[in-house]
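Residue strings, one per chain:
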Amino acid sequence: MSVETIYTSAACNRTPDSLDWGPDGLIYFAANNAIAVFDPKYHGSVKIVRTLIGHKARVNTVRVVRDGSECHGGINLLSGSDDETCILWNTKQDGGAVRYILKGHTKGVTAVDALVNTATNNLIVATGSVDSSIKLWQATAESTFECIQTIDLRSGLTFAMKLFCLPRSNAVMLAYTTDTDVVKLCVRQKRTDADEATFEPVEQLKGHCDWVRGLDCIQLPDSEDWLLASSSQDTFIRLWRISPRASLQKQKEFKEILLEEDITVEERTFTVRAADGAEYHYALSLESVLQGHEGWVYGVHFCMRDGKLHLLSSSIDKSLTVWTPSESGVWVESVRVGEVGGSSLGFYGGKFSPDGSSIIGHGFQGSFHLWREDAAQPGLWKPSTILGGHFGGVRDLAWDPAGGMYVVTLSADQTTRVHAPWSRPEGEETWHELGRPQVHGYDMQCLTLLSRYRLASAAEEKIIRIFQAPSNFVQNFRALCGVVTDPEGDAVVESNPMGASVPSLGLSNKAVFEVETPETDSRHIKDMYPEHYFSPIALESPPAEETLMQNTLWPEIQKLYGHGNELYAIASSPDGALIASGCRATSTDQAQILLWDTASWRVVQQLTAHQLTVTQLAFAPDGQQLLSVSRDRTFSVFRRVSSAFELVMRSDKTKGVHTRIIWCCDWSHDSERFATGSRDGKVVAWKAANEESNGAAVAPFEQAGVLELKNESITAVAFGRRKLSDGRYLVAVGLESGVIKLYALGQWDLLLNISEDHAHHLTVKRLSFRPHVEQHQLASCGEDGLVRVYSIKL
């Protein structure tokens, strides 16, 4: 038995410098506590090909090591995390990629950089932390890295660092910025012949008037000079030139007259004592000041392309800008990409591809934006297909019940998202995010699909909201996924609105039936500026982030009021005629399960069984039974009798098999068995019992096998949509540790263990097998924000 991950959805952590583009063409980015690796040219599309697990808390920064493949076991990546460590990785290894873990900081690591000293083939690593220190690390033996120096910043926070070798002396320079407007320069040198070489401050670069957030440097072509770029919250970028000098010269001042004002360009010098005792001299000067952004500039990145220098800057003003020097040496803006208007909140960082023909930016909401230069029209940059994902924990998911054509997920990031396979013209099939039905103001909690194009969701509020897909989404979905037979979609296209929008200060998606055109200037002035941003679009490829946020919302058609507390669990009957819901509860009255009729949108029944919050609800596939599990350590089964549901079984709270909270439950495809999973590490399978035994009434269900995993908490369980070839049931079990296990139900035989590297590194929240497909496919979501789809080969 084997498993293949056919789709992984993830967002970039919302921290500056949390993404880097390696010389191998792969993009490495921080995804919660992990590092995701995605290939931007995977069979002509994009796909996350690997996740690296090693950190225990959020990863703040990721940096690719250039030219590090030949030293210390092939280190080519480093990362810093809130778990107070920096990890050095060899991502070329198939097994454990962690090479070294650098421990020494007392708070989170927020900035890292590394340099391979070509003279000694040794790797020097710099780490900056919230504990107001910078530590320098170096390999002291084949298997150990040790801290060789600590720079005390007193009360400062490190924002950016850059290591590079000065020409001639080959001395290592460290440029770093803190929560000031100054760039500080240190050089590793010896004070006396007896001292070990340490990093000593030699100069400060002053000119910015707010915190400096980004640094990058590059050696100029056909020159020994280095160019250092610094970007600041003052919206400016400054370029500094570092040049070797033959002798120590006096400070020079060059004056120019511009707009009747004196501009002074000051050249300062400093001296470095090399390892051999020789002294080398260098000059510092301000090369240029780049003005063009309107918001904080978080990052800068140099690239050499076709013998010409390019600088990419990323700003919170929603733009990425490429700067190039003109023939006269003046730096000018050559390309500006990004979002004009819209509802995103700018960029935290951006990188060039290794060949400089592509640009990727990561945004405030964890989103990615990719542009490629048109080969036929140089200078024309076009948006390209990209991946995306939730930037908060994903709490629930559901498959399209009509044909398993897509999976919809719901997250604490206040969005629901539709993920589906794109049937590309070349015949390949890759998964992408195709829609964002709901962008809400509350953290989302649970959802269920009533039909292919009707969704019910609940957030941390007391309302259930019902959404209906608009015609524009249906048309694009059918075109991208190759859906041919779709009666429900035909009805939607004929009668439903074109799209939806969220009014200012509103939470409800309002339907948009027609889009105003500029010709209708005869309208009253109050109607001239509609509140919505929706405009219908015919997609030929998966939508970009801007399109997802504005043009894929579903109109809200109904609100259901009835619960007194925040919603926690929701489920719908297989025919979509009933919705069962439960809310947070501390008493029997609050823990009632409400049954809603989707024809009248009214409560038709209140089911009383539990004393605390119902954690999950599940209708049997035959629609005749409803299963509920609760924080009170019990589960209940309701059976349909005529037109109502009656309680037929409730487990015993004190003598029951579960001794802790029951988190999850699911029915088998034939409605004959169900399983319950608990914090006590037990998954219990239940089967129908004989109605009577020797004339005495017994419970309608009895245990069919108990799986006990010691020191684990069971948080998700799902039955396969059909039996295995030997007649046994396939059951997937998700753990709090992030591991997913596949069992054959009989004696609970373990078939496959999906480890954290291929599953989740935080709690698995929901599992569900894809319906209506020949091969077993499993979808999972977790508190780590990842959504995965697996193909299971038996």
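Note that the structure is a prediction, hence the values are computed from the model and not measured.

## Points about the sheet that holds strand E61 (residues 776-782)
In a beta sheet, neighbouring strands are held together by backbone hydrogen bonds and run either parallel or antiparallel to one another.
Logical step 1: In space, the 4 strands of this open sheet follow the order E1-E62-E61-E60, with antiparallel pairing throughout. Two strands lie at the open edges of the sheet, namely strand E1 (2-9) and strand E60 (764-769), each paired on one side alone. Adjacent strand axes in the sheet meet at a mean angle of 20°, parallel and antiparallel pairs treated alike.
Logical step 2: Pairing analysis gives 5 bridges linking E60 to E61, with the strands arranged antiparallel. Within E61, the position partnered with Ser768 by the bridge is Ala779.

## Description of the pattern of salt bridges
Logical step 1: A complete count under the given rule lists 36 salt bridges for this structure.
Logical step 2: In this structure, the salt-bridge partner of Arg66 is Asp20, at a minimum N-O distance of 3.3 Å. Residue Arg66 is located in the loop between strand E6 (59-64) and strand E7 (77-81), and its partner Asp20 is located in strand E2 (residues 19-21); the two are separated by 46 residues in the primary sequence.
Logical step 3: Exposure remark for Asp20: the relative accessible area of 2% places this residue in the buried category.
Logical step 4: For Asp749, the salt bridge goes to Arg728, with nearest N and O atoms at 2.5 Å.

## Description of the packing of aromatic side chains
Logical step 1: Summed over all chains, the structure comprises 26 aromatic pairs.
Logical step 2: Aromatic side chains Tyr453 and Phe477 sit 6.2 Å apart centroid to centroid with 85° between the ring planes, which places their arrangement in the edge-to-face category. Of this pair, Tyr453 sits in the loop between strand E36 (444-451) and strand E37 (454-459) while Phe477 sits in helix H1 (residues 471-481); the two residues are 24 residues apart in sequence, bridging distant segments of the chain. With respect to class, Tyr453 is no different from Phe477; both count as buried.
Logical step 3: Taken together, a centroid distance of 6.2 Å and an interplanar angle of 15° make the contact between Phe674 and Trp686 stacked. Placement of Phe674 in strand E51 (residues 673-678) and of Trp686 in strand E52 (residues 682-688) is noted, with a sequence separation of 12 residues between them.

## Section: the environment of Asn476
Logical step 1: By secondary structure assignment, the location of Asn476 is in helix H1.
Logical step 2: Note on Asn476: relative accessible area 10%, which makes it buried.
Logical step 3: On a C-alpha basis, the gap between Asn476 and Lys682 in space is 44 Å, while along the polypeptide they are 206 residues apart.
Logical step 4: Apart from the residues lying within four places of it in its own chain, the contact partners of Asn476 are Ile537, Ala538 and Leu539.

## Things to note about the layout of surface pockets
Logical step 1: Counted as a void, the second largest pocket has a volume near 940 Å³.
Logical step 2: What lines the second largest pocket is a set of 41 residues, and nearest its centre among them are Ser572, Phe619, Asp666, Arg721 and Ser768.
Logical step 3: When residues of the lining of the second largest pocket are traced back to their parent elements, those giving at least two are strand E32 (394-399), E36, strand E42 (567-572), strand E46 (614-619), strand E50 (662-667), strand E56 (714-719) and E60.
Logical step 4: Here the residues of the lining of the second largest pocket are counted per class, giving 26 nonpolar, 11 polar and 4 charged.

## Some details on the state of the cysteines
Logical step 1: In total, this model carries 0 disulfides according to the counting rule given.
Logical step 2: The thiol of Cys217 is not disulfide-bonded; the next cysteine sulfur, from Cys165, is found 10 Å away.

## Focus on the nonpolar core
Logical step 1: Ranked by size, the top nonpolar core spans 26 residues in total, and within it Tyr406, Val408, Tyr453, Phe473, Phe477, Cys481 and Trp554 carry the most contacts.
Logical step 2: Mapped by element, the contributors of at least two residues to this core are strand E33 (407-411), strand E34 (415-423), E36, E37 and H1.
Logical step 3: Looking at which element gives the most residues to this core, the answer is H1, with 5 residues.
Logical step 4: In this structure, Val408 is in contact with Asp396, Leu397, Ala398, Arg417, Val418, Leu447 and Leu449, ignoring residues within four places of it in sequence.
Logical step 5: Counting 22 residues, the second-largest nonpolar core is a separate cluster that includes Ala160, Leu205, Val272 and Leu284.

## Quick notes on the sheet that holds strand E4 (residues 34-42)
Logical step 1: Pairing is antiparallel in the open sheet, where 4 strands are placed in the order E2-E3-E4-E5. Sheet topology places E2 and strand E5 (45-52) at the edges, where each strand pairs with a single neighbour. This sheet shows a mean twist of 25° between the axes of neighbouring strands, independent of strand direction.
Logical step 2: For E2 and strand E3 (residues 27-31), the ladder comprises 3 bridges, and the chain directions are antiparallel. Residue pairing across strands places Leu19 opposite Phe29, the latter belonging to E3.

## Some details on the side chain of Asp486
Logical step 1: Of note, Asp486 is situated in the loop between H1 and helix H2 (487-495).
Logical step 2: We classify Asp486 as buried; its relative accessible area is 4%.
Logical step 3: Separated by 3.3 Å, the side chains of Asp486 and Arg452 make a polar contact.
Logical step 4: Sequence-distant contacts of Asp486, that is, excluding residues within four places in its chain, are made with Arg452, Tyr453, Val474 and Arg478.

What counts and how
- Residues numbered from 1 in each chain as written.
- Predicted model: local features only at pLDDT ≥ 70, side-chain atom pairs only at ≥ 80, totals over all residues.
- Heavy atoms only, no water.
- Pairing = 2+ DSSP bridges.
- Helix = DSSP H or I, 4+ residues; strand = E, 2+ residues; numbered from the N terminus.
- Axes fitted to C-alpha atoms, helices over the stretch in contact; angles between N-to-C directions.
- Salt bridge = Lys/Arg side-chain N within 4 Å of Asp/Glu carboxyl O.
- Buried < 20%, exposed > 50% of the residue type's maximum accessible area, 1.4 Å probe, protein only.
- Phe/Tyr/Trp six-rings, centres within 6.5 Å; stacked < 30°, edge-to-face > 60°.
- Contact = heavy atoms within 4.5 Å.
- 1 Å grid on protein atoms, 1.4 Å probe; cavity = no way out; pocket = protein on both sides within 12 Å on 5 of 7 lines; lining within 4 Å.
- Points joined across faces, edges and corners; volume = space filled by probe spheres on them.
- Nonpolar A, V, L, I, M, F, W, Y, C, P; charged D, E, K, R; others polar.
- Disulfide = S-S within 2.5 Å.
- Core = buried A, V, L, I, M, F, W, Y, C linked by side-chain atoms within 4.5 Å.
- Polar contact = N/O pair within 3.5 Å; in protein donor to acceptor, adjacent residues only side chain to side chain.

None of the figures reported here should be taken as evidence of function without further support.
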